[in-house]
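What follows is the residue order along each chain.
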Amino acid sequence: MSWLRTHTCGELGTNNKGEEVILNGWISTRRDLGGLIFIDLRDRYGITQVVFDESNKHLHQQAEQLRSEYVIGVKGTVLARDKETVNPDMKTGEIEVEATDLNVYSKAQTPPFEIKDDIATNEEVRLRYRYLDLRRPSMQKNLLLRSEVYHSIRRFYHSRHFAEVETPFLMRSTPEGARDYLVPSRVNAGRFFALPQSPQTYKQLLMVSGFDRYFQIVKCFRDEDLRADRQPEFTQVDVEMSFINEDVIYSTHEQLMAEIWRTHLGVEVETPFPRLTYREAITRYGSDKPDLRFDVPISDLSEIVAESGFKIFQSTVEKGGRVIAITIPGQGSLGRGALDRLTEKAKSQTGAGGMIFMKNSGGEITCSVGKFLDEDTMRQMAAKAGAGEGDLVLILAGPDPDVYNQMGGLRLIAGADFGLVDTSKSKFLWVTDFPLFEWSREDLRYYSLHHPFTSPRPEDLHLLDESPEKVNARAYDLVLNGNEIGGGSMRIHDTELQQKVFSILGIGKEEAENKFGFLLNAFRYGAPPHGGIALGLDRIIMLMAGAQSLRDVIAFPKNQKAQSLMDNSPDVVDEHQLKELHIALRKSVASNI
């Protein structure tokens, strides 16, 4: 029979001295000093030291059998520790509990790794024994932070009259983005549901229904290749609002981020957040999700070098490409070996064909291709790049936009290698005015950069027929420290405009009616202007916790192969289940199972 605890393992102090208490938890460590046996008893609230004295012979003998990770209950008396034994690193470090009774709830085998932080155990083992990994203090701290942020988010939206509405997990497949996870229907042979990549269409229908402010903390699913910041199932904060514009979305979610950071990190976030258009972000930082924790912008040297006589520069500019640079402060004395290593990184990690460098040292401007450039040109280049005394300039040349993407990668490499990133800061940014479409050279067709329900900017409507690639969207991303943590847009609420966008995307009337007829039909009954955003909650928690992977802030994540090693899923199912679902496996698939 279990004992009801009187206190957790993280709350006792000297004010409890002399009290009779009951604690429950896991044994973290055990130390046998002969006459005294000490255990550290752990629960999610903290650790309390418990002592078994040989004066109670029977209890002392019981304690001799205790081992790490046994689950026990302890009755005892709170004692103040001697000054020399106080542990200032523990919340309960000023007291200990002298045991008077012991209840062993369950014994434990020796775990495959120590239950503590900073363990040298590979991730595969941690994921296989996830229930043990989750006992570690850092993992519990991450998940408790996540729980607290959930509460703050709900409180924030409810206080602003948002309705929390659950949308279906079983919906129709609309594979315009990543691959859908399909769910076969037993009662509708040959038909399939899809798990939602986003509740996009449902939340737009809620706006048509008159719920002018909606939010939901929702699971979404994408069957795509994984990275450290990707999971096949993920959680997002889904939001939609009617009769608003972009500024309302911005201000509302700046307030949300500021409140979360203040409440849970004790950090004051400056608002309003800066804004950059997509093109500004690319040309200034080489990324549509720039890290603003270090001030190293891109400078365009193209006009200066267009007539320089240096063949690589001139031909690049003549072909419509760009010659661009970043300046690394204080690194003008960097040696040739270090620069060669940096060049190799630039080539291997960004795809750049090579890197040119300049130095401003002792009032002299030197360049790795200086023999092809006159002194005046080099001085103009250094001035345009903002290179002062002792600075290093890194230069790339190539076609637009590829060279900007390469420089964006080089900027991040330099930021990390030269310690330019202020990791104590949280730098938020809105990136706006994305292109509405992107052209696929492989498929020879347009795709939506965000999704097909994104509204074009009104001033660009005239370009839809002849120059779709020039149309900008009323779309925006929320960026934090070089990570996209949210994205949204104002939506199309006019049936004719929606059909025109579908047509540009190669979705004919019949296909549009088949896939999205329910939404188009709803628009015919009066749709308000509306827009919204989806915030990547897993990624936000990862950044708040300072974790390296999404897997460290999700209770039961999948690995890089979209597998759960703990419970061996996905797994095979028996033939009877497949038959009920009207599914037959191909021989090539069945032979590999």
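See the structure shown above.
Cut-off values and rules
Residues numbered from 1 in each chain as written. Predicted model: local features only at pLDDT ≥ 70, side-chain atom pairs only at ≥ 80, totals over all residues. Heavy atoms only, no water. Patch = residues over 30% accessible without salt bridge, like charges linked within 9 Å, V, L, I, M, F, W, Y side chains within 5 Å. Areas by Shrake-Rupley, 256 points an atom, 1.4 Å probe, with all protein chains shown as cover. Salt bridge = Lys/Arg side-chain N within 4 Å of Asp/Glu carboxyl O. Helix = DSSP H or I, 4+ residues; strand = E, 2+ residues; numbered from the N terminus. Buried < 20%, exposed > 50% of the residue type's maximum accessible area, 1.4 Å probe, protein only. Pairing = 2+ DSSP bridges. Axes fitted to C-alpha atoms, helices over the stretch in contact; angles between N-to-C directions. Phe/Tyr/Trp six-rings, centres within 6.5 Å; stacked < 30°, edge-to-face > 60°. Lys NZ or Arg CZ within 6 Å of the ring centre and 35° of its normal. Arc of directions from axis to C-beta. Contact = heavy atoms within 4.5 Å. Polar contact = N/O pair within 3.5 Å; in protein donor to acceptor, adjacent residues only side chain to side chain.

A. The arrangement of a nonpolar patch on the surface in detail. On the surface, Phe169, Leu170 and Phe193 cluster together into a nonpolar patch covering about 250 Å² of accessible area. By the element assignment, phenylalanine 193 lies in strand β8 (residues 192–194). A relative accessible area of 32% means that phenylalanine 193 is categorised as partly exposed.

B. Examining the sheet that holds strand β1 (residues 20–32) more closely. Pairing within the closed barrel is mixed, and its 5 strands lie in the order β1-β2-β3-β5-β4. Ignoring which end each strand starts from, the neighbouring axes of this sheet average 55 degrees apart. Pairing between strand β4 (residues 71–80) and strand β5 (residues 95–106): 10 bridges, direction antiparallel. By the bridge assignment, glycine 76 is partnered in β5 with alanine 99.

C. Molecular detail of the packing of aromatic side chains. A full pass over the atoms with the stated rule returns 18 aromatic pairs. When the ring of phenylalanine 310 is compared with that of phenylalanine 372, the centres are 5.2 Å apart and the planes differ by 20 degrees; the resulting orientation is stacked. On the criterion of sequence distance, the pair formed by phenylalanine 310 in the loop between α8 (302–305) and α9 (311–318) and phenylalanine 372 in the loop between β15 (364–367) and α11 (375–384) is long-range, its members being 62 residues apart. Taking 4.8 Å as the distance between ring centres and 70 degrees as the angle between the ring planes, the aromatic pair formed by tryptophan 439 and tyrosine 446 counts as edge-to-face. A residue is classified by how much of its surface remains accessible, and tyrosine 446, at 15% relative accessible area, is buried. Linked through ring pairs, Phe156, Tyr157, Phe162 and Phe215 together constitute an aromatic cluster. Directly above the aromatic system of tryptophan 3 lies the positively charged group of lysine 75, at a separation of 4.5 Å from the ring centroid. We note arginine 445 situated over the ring of tyrosine 447; from NZ or CZ to the ring centre the distance is 3.9 Å.

D. Layout of α11. Listed in full, the buried residues belonging to α11 are Thr377, Met378, Met381 and Ala382. Along α11, the residues classed as buried sweep out an arc of 135 degrees about the axis, all on the same side. Opposite the packed face of α11, turned more than 90 degrees from it, sit the exposed residues Glu375, Asp376 and Ala383. If you follow the buried residues of α11, they end up packed against α8, α9, β14 (356–361), β15 and β16 (392–398). Sitting at the head of α11, aspartate 374 places a side-chain oxygen 3.2 Å from the backbone nitrogen of aspartate 376. Positive phi shows up at glycine 386, right after α11, with a value of about 70 degrees.

E. Structural detail: the environment of lysine 347. One can find lysine 347 in helix α10 (residues 336–350). Among the residues examined, lysine 347 registers a relative accessible area of 35% and is labelled partly exposed. Separated by 59 residues in the primary sequence, lysine 347 and glutamine 406 have C-alpha atoms spaced 8.9 Å apart. Leaving out residues up to four positions away in the same chain, lysine 347 has contacts with Ala352, Gly353 and Gly354.

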